[in-house]
Amino acid sequence: RFDPGEKDVDALLVSELNAMTLEERDRVFEEIHGVHKVVEETPEFVNDCLSGFDRNLAEIQTKVAYDIAFHKSNGNYVRDPKLRLMFLRADKFDAAKAAQRFVAFFEEIRKYFGDGVLGRSLELTDLDQVELDCLKAGLVQRLPSRDSVGRAVHINMTVLRPYPRGRTTKIVKAYIYFLWTILSNDELSQKRGLVGIAYMTGTSIAGKDLEIELYHKTSQFTKWFPFRYSAFHICANGLVSKTISTLCKLLLGRSNRLRLRVHEGEHLECQYRLLSFGVPIECFPISYDGKIKTKDHIKWIAKQHIREDALRYTGFFNGIDLPEDNDVLLGRGKAIYNQKGNVWMRSLVEEYFESYKEAQHGSKSQMAIKVVSVIKESGGRFLKPGPDGWWIEAEDKLAEEKVSHAFRTLKLETKTVKVPSEKDAEASTKKPRTG
């Protein structure tokens, strides 16, 4: 039976914090809140890092699983710069550490999935029915919206539902597929780090039923998987969940412990505390009475079926799962209106509105083209709803129509605001008659 000492673990965390310089503490604080500076990946910088990665990889003598992956794909998969960049970003471009992580990744994938998957990306078909059921249970989910600073958020709820003993490996494999899929298809999460949540509030699992092996294996992901946490939250209440919380603190490792925030209380309290860190609780997969919601998660799995089938049969897929902050969404609704990219687009429309009014009728379209150009040059995209829940990049004509509509709407709004005339102004300044 595992019985960690909470005071001992907290003392360890305090000692780790005390060992940091003030500058290091500030960097960690900025990363937790998502205001840290992301590395600028210029072509020269990336090429230098990839070259350093190659040199360090060549110096590693024993890499059996990597060699198998190399031969299975004729070197194409393991040499893919996009794949290698995932590992470099995970280790903040430390080429030596990234190469070690790269080799360890293939060893772990081989251990769980066998030699057959080593020359390619993981797919749903690599999971058997029990593993697929574990995935569909929704005990690990990615929120369908990014946090307030644009990071992807994933939540681990594996302690909220008892599961048959002996399924630890099945759950771990489902978790590996889940993490791989959300990371490999989201470059922004690779650059900025993930926000992780271990949600334990209201767990019904008794202490004697804890499978320490599961928590140990999943906590080791940060040592070999191509990702890092920029922030990690634990939500807990009651003796059992606090015991698991203490275990998680111990297993997370120094880097993640420093980025850890613990929230104690019932569901409503914990979720509002997460909201203060920018986590979008309006799409949170747990209700205030503790029920796990899987609707968005099941849709996400269905979308992966579509993506993987398209890649398997055509080698091409252009769907976008999680829009970024600079993206402008086409469509209607509160969520689309409040999307940060849409808010930015409307601010640009206001900025260019005087020029729009002064332009001749035939030249007004040039102002829309100008706004579209500014957004795209800043890394933004115009996205339209695609089939089966995916977003796809809109044609320039549709993007320009979206901006033109925003100009016309602003023009209409300014017309409906009554501007007081001089006569009205004089009347308002006269003293009222007294009887």
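For the structure itself, look to the data block above.
Residues numbered from 1 in each chain as written. Predicted model: local features only at pLDDT ≥ 70, side-chain atom pairs only at ≥ 80, totals over all residues. Heavy atoms only, no water.

*Asks:* Describe the overall build of the protein, and please don't skip the residues or the numbers.
*Replies:* A tally of regular secondary structure across the protein gives 21 helices and eight strands. Its C-alpha atoms give the protein principal-axis dimensions of about 90 × 60 × 45 Å. Sequence separation of 24 or more characterises 74% of the internal contacts of the protein that already satisfy a separation of 6 or more. Carbon and sulfur atoms make up 52% of the accessible area of the protein, which totals about 22,700 Å². Across the protein, the mean location of the 67 positive side-chain charges is 4 Å away from that of the 61 negative side-chain charges. (Helix = DSSP H or I, 4+ residues; strand = E, 2+ residues; numbered from the N terminus. Contact = heavy atoms within 4.5 Å. Areas by Shrake-Rupley, 256 points an atom, 1.4 Å probe, with all protein chains shown as cover. Lys, Arg positive; Asp, Glu negative; His and termini not counted. Charge placed at Lys NZ, Arg CZ, Asp CG, Glu CD.)

*Asks:* Which residues make up the side chain of glutamate 31, and what are the values?
*Replies:* Secondary-structure assignment places glutamate 31 in helix α2 (residues 22-32). With relative accessibility at 4%, the residue glutamate 31 sits in the buried group. Not counting the four nearest positions on each side in its chain, glutamate 31 is found in contact with His36, Lys92, Arg151, Arg228, Tyr229, Ser230 and Arg259. (Buried < 20%, exposed > 50% of the residue type's maximum accessible area, 1.4 Å probe, protein only.)

*Asks:* So, the sheet that holds strand β1 (residues 140-142): which residues are in play, and what are the values?
*Replies:* Overall, mixed pairing links the five strands, which are arranged β1-β2-β3-β4-β5 in an open sheet. Whereas interior strands pair on both sides, the edge strands pair on one side only; in this sheet they are β1 and β5 (260-264). In this sheet, neighbouring strand axes are inclined to one another by 20° on average, regardless of whether the strands run parallel or antiparallel. As judged from the six bridges shared by strand β3 (residues 194-199) and strand β4 (residues 229-236), these two strands associate in the parallel manner. The residue bridging alanine 198 from the neighbouring strand is isoleucine 234, located in β4. Contacting β4 and β5, α2 runs over the sheet at an angle of about 70° to β4. (Pairing = 2+ DSSP bridges. Axes fitted to C-alpha atoms, helices over the stretch in contact; angles between N-to-C directions.)

*Asks:* Go over the nonpolar core, please, and point to the residues and values.
*Replies:* One finds Phe106, Ile176, Leu179, Tyr199, Phe225 and Phe284 to be the most contacted residues of the largest nonpolar core, which totals 96 residues. The greatest single-element share of this core, amounting to 11 residues, is contributed by helix α8 (residues 168-184). Within the second largest apolar cluster, 21 residues are counted, among which are Met345, Met367, Val374 and Ala394. (Core = buried A, V, L, I, M, F, W, Y, C linked by side-chain atoms within 4.5 Å.)

*Asks:* Can you explain the packing of aromatic side chains? Please cite residues and give values.
*Replies:* Within the structure shown, the criterion is met by 27 aromatic pairs. When the centroid spacing of 6.1 Å and the interplanar angle of 40° are considered together, the rings of phenylalanine 105 and tryptophan 224 count as tilted. Residue phenylalanine 105 is located in helix α6 (residues 95-113), and its partner tryptophan 224 is located in helix α11 (residues 221-224); the two are separated by 119 residues in the primary sequence. Of note, lysine 303 hangs over the ring of tryptophan 390, and the distance from its end group to the ring centre comes to 5.1 Å. Seen from the ring of tyrosine 356, lysine 364 lies directly overhead, with NZ or CZ sitting 4.5 Å from the centre. (Phe/Tyr/Trp six-rings, centres within 6.5 Å; stacked < 30°, edge-to-face > 60°. Lys NZ or Arg CZ within 6 Å of the ring centre and 35° of its normal.)

*Asks:* Talk me through the pattern of salt bridges; I want residue IDs and the actual numbers.
*Replies:* In this structure the tally under the stated criterion is 27 salt bridges. A salt bridge links lysine 111 to glutamate 108, with the shortest nitrogen-to-oxygen separation between them at 3.0 Å. On the criterion of helical spacing, the pair formed by lysine 111 and glutamate 108 is a turn pair, its members being three residues apart in helix α6. Residue lysine 111 is classed as exposed on the basis of its relative accessible area of 55%. (Salt bridge = Lys/Arg side-chain N within 4 Å of Asp/Glu carboxyl O.)

*Asks:* Give me the environment of isoleucine 306: which residues, what numbers.
*Replies:* With respect to the helices, strands and loops of the structure, isoleucine 306 is situated in helix α15 (residues 295-314). Between the C-alpha atoms of isoleucine 306 and glycine 150, which are 156 residues apart in sequence, the distance is 25 Å. Isoleucine 306 has contacts with Phe317, Asp388 and Trp390, leaving out every residue within four places of it along the chain.

*Asks:* Describe the side chain of serine 287, and please don't skip the residues or the numbers.
*Replies:* For serine 287, the position within the fold is in the loop between α14 (267-275) and α15. According to the relative accessible area criterion, serine 287 is buried, its value standing at 18%. When near neighbours in sequence (up to four residues on either side) are disregarded, serine 287 contacts His267, Gln271 and Lys293.

*Asks:* If you had to explain helix α4 (residues 64-72) to someone new, which residues and values would you point to?
*Replies:* Where α4 is concerned, the buried positions are Ala65, Tyr66 and Ala69. Down the axis of α4, the buried set is contained in an arc of 100°. They therefore lie on one face. Along its buried surface, α4 packs onto α3 (43-59), α5 (81-90) and α6. In the segment just after α4, asparagine 74 is the residue with positive phi, at about 55°. (Arc of directions from axis to C-beta.)

*Asks:* Would you mind going over the pairing of strand β7 (residues 382-385) in detail, with residue names and values included?
*Replies:* Relative to β7, strand β6 (residues 328-329) is paired through two bridges, and the arrangement is parallel. In the sheet register, leucine 329 faces β7, and the bridge partner there is leucine 383. Sheet analysis places β7 next to strand β8 (residues 391-393), joined by three bridges and oriented antiparallel. Note on β8: the bridge partner recorded for leucine 383 is glutamate 393.

*Asks:* Could you give me a rundown of the packing of α4 against α6, with the residues and numbers involved?
*Replies:* At a closest axis distance of 7 Å, the pairing of α4 and α6 adopts a crossing angle of 85°. Classified by the angle their axes make, α4 and α6 are roughly perpendicular. Where α4 abuts α6, its residues Val64, Ala65, Tyr66, Ile68 and Ala69 lie against Phe102, Phe106, Glu107 and Arg110. Class assignment of the residues belonging to the contact of α4 with α6 gives a composition of seven nonpolar, no polar and two charged. (Parallel < 35°, antiparallel > 145°, perpendicular 65-115°, else oblique. Nonpolar A, V, L, I, M, F, W, Y, C, P; charged D, E, K, R; others polar.)

*Asks:* Tell me what's going on with a nonpolar patch on the surface, and back it up with residues and numbers.
*Replies:* Side chains of Leu268, Tyr272, Leu275 and Tyr288 sit close together on the surface and give an oily, nonpolar patch of about 400 Å² of accessible area. Among the structural elements, leucine 275 can be located in helix α14. (Patch = residues over 30% accessible without salt bridge, like charges linked within 9 Å, V, L, I, M, F, W, Y side chains within 5 Å.)

*Asks:* With reference to specific residues and values, describe unusual backbone geometry.
*Replies:* For phenylalanine 93, which is not glycine, the phi torsion reads 65° and is therefore positive. Within the secondary structure, phenylalanine 93 is located in the loop between α5 and α6. Looking at phenylalanine 93, the relative accessible area reads 13%, which means it is buried. Residue aspartate 388 is not a glycine yet carries a positive backbone phi of 60°. Structurally, aspartate 388 can be placed in the loop between β7 and β8. According to the relative accessible area criterion, aspartate 388 is exposed, its value standing at 53%.

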